[in-house]
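# Observations on chain architecture
Listed below, chain by chain, are the residues.
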Amino acid sequence: MKIISLVLLFLPVIGYGFEKGSGSEYTLKMQDSIAQLSIYITDKKKDFVNVEFHFGTSGLWISNMWQQFKLDIRQGSSIGISQGFIKTGKDKPVEKMIREQFELNTGVQVHQFLFSEKTEIQKDFIGVETVELPAGTIQAEHYRKVSDGQTVDFWISSKVKPIGLVKLVSKSKIKSTNNYSIELSSLLKNIKPAIDPLKAVEMSQKSKEMFKKVKSKK
């Protein structure tokens, strides 16, 4: 499965009411494929939250990839990513990501989606809109971020805790892999993590090359 710009761009507004094992499942539509994306909380302490992502495809080409990130949360300071891990298959080892892989090389960046307070994104507010989902409709707040040729529209609602993200649409005229959409399909509870950070090994050269190839694709 292509990692493309999925590294961490989906993080919505971070809150403080997270429950371990809770999260959301989304339908992820890319240029040439459809996948399921799950985002859930694997651990939470006073000063950090661990978030895990699962990308899965079905059909003739079945693939699974997990990524987990440790987000440092300190009162009065911005949220930062201190650790990242990746697992590219059920039988693959957990590998430590290097810091350069936390960020994208073009377009809207990861740090632009890390907020300790909702007031930090008010400048990006478009309005309250009705969003149509397969399960029905929901009122959500619409926000927009634009950077380096990429436009990301995303809709957030407090009714779909803990993640809050209802829908996200990314468009780019510069980098084709930045064209995708995410739509909420269900809420998750009691999810167990696939990644154990204590079992992580150093990233292989093969995985490092895979990241380089993905980041260079147009």
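Reading the values: the criteria
- Residues numbered from 1 in each chain as written.
- Predicted model: local features only at pLDDT ≥ 70, side-chain atom pairs only at ≥ 80, totals over all residues.
- Heavy atoms only, no water.
- Helix = DSSP H or I, 4+ residues; strand = E, 2+ residues; numbered from the N terminus.
- Contact = heavy atoms within 4.5 Å.
- Areas by Shrake-Rupley, 256 points an atom, 1.4 Å probe, with all protein chains shown as cover.
- Buried < 20%, exposed > 50% of the residue type's maximum accessible area, 1.4 Å probe, protein only.
- Pairing = 2+ DSSP bridges.
- Phe/Tyr/Trp six-rings, centres within 6.5 Å; stacked < 30°, edge-to-face > 60°.
- Lys NZ or Arg CZ within 6 Å of the ring centre and 35° of its normal.

In terms of regular secondary structure, the protein is built from 1 helix and 12 strands. Starting at the N terminus and ending at the C terminus, the protein contains elements arranged as β-β-β-β-β-β-β-β-β-β-β-β-α. In the protein, the proportion of contacts linking residues at least 24 apart, taken out of those at least 6 apart, comes to 50%. As displayed, the protein offers around 11400 Å² of accessible surface, 52% of which is attributable to carbon and sulfur atoms.

Taking burial as the measure, the 7 residues of strand β9 (residues 150-156) include 6 buried ones, the bulk of the element. Sheet topology note: the strand β8 (residues 136-147)/β9 ladder contains 7 bridges and is antiparallel. Bridge assignment links Ser147 to a residue of β9, and that residue is Gln150. In this structure, the hairpin formed by β8 and β9 is closed by a connection of 2 residues, where Asp148 is found at a positive phi of approximately 50 degrees. In this structure, β9 lies alongside strand β10 (residues 165-172), joined through 7 bridges in antiparallel fashion. Bridging from a neighbouring strand, Ile156 pairs with Leu165 of β10.

Once that is clear, we can look at the side chain of Asp124. Structurally, Asp124 can be placed in the loop between β6 (95-96) and β7 (125-133). With a relative accessible area of 11%, Asp124 lands in the buried category. Ignoring sequence-local partners within four residues, the contact set of Asp124 consists of His142, Tyr143, Arg144 and Lys145.

So, on to the packing of aromatic side chains. Summed over the entire model, instances satisfying the criterion amount to 4 aromatic pairs. Geometrically, the ring pair formed by Phe53 and Phe69 is edge-to-face, given 6.1 Å between the ring centres and 80 degrees between the ring planes. Taken together, the residues Phe53 in strand β3 (residues 48-57) and Phe69 in strand β4 (residues 63-72) connect sequence positions 16 residues apart. In this structure, Phe53 and Phe69 share a single accessibility class: buried. Aromatic pair Tyr143 and Phe154: ring centres 5.6 Å apart, planes at 20 degrees, arrangement stacked. Of this pair, Tyr143 sits in strand β8 while Phe154 sits in strand β9, and the two are 11 residues apart along the sequence. Accessibility expressed as a relative area gives 1% for Tyr143, which makes it buried. Ring pairs connect the aromatic residues Phe53, Phe55 and Phe69, which therefore count as one cluster. It is Lys70 that lies over the ring of Phe48; its NZ or CZ is 4.6 Å from the centre. Between the NZ or CZ atom of Lys167 and the centre of the ring of Trp155, over which it lies, the distance is 5.5 Å.

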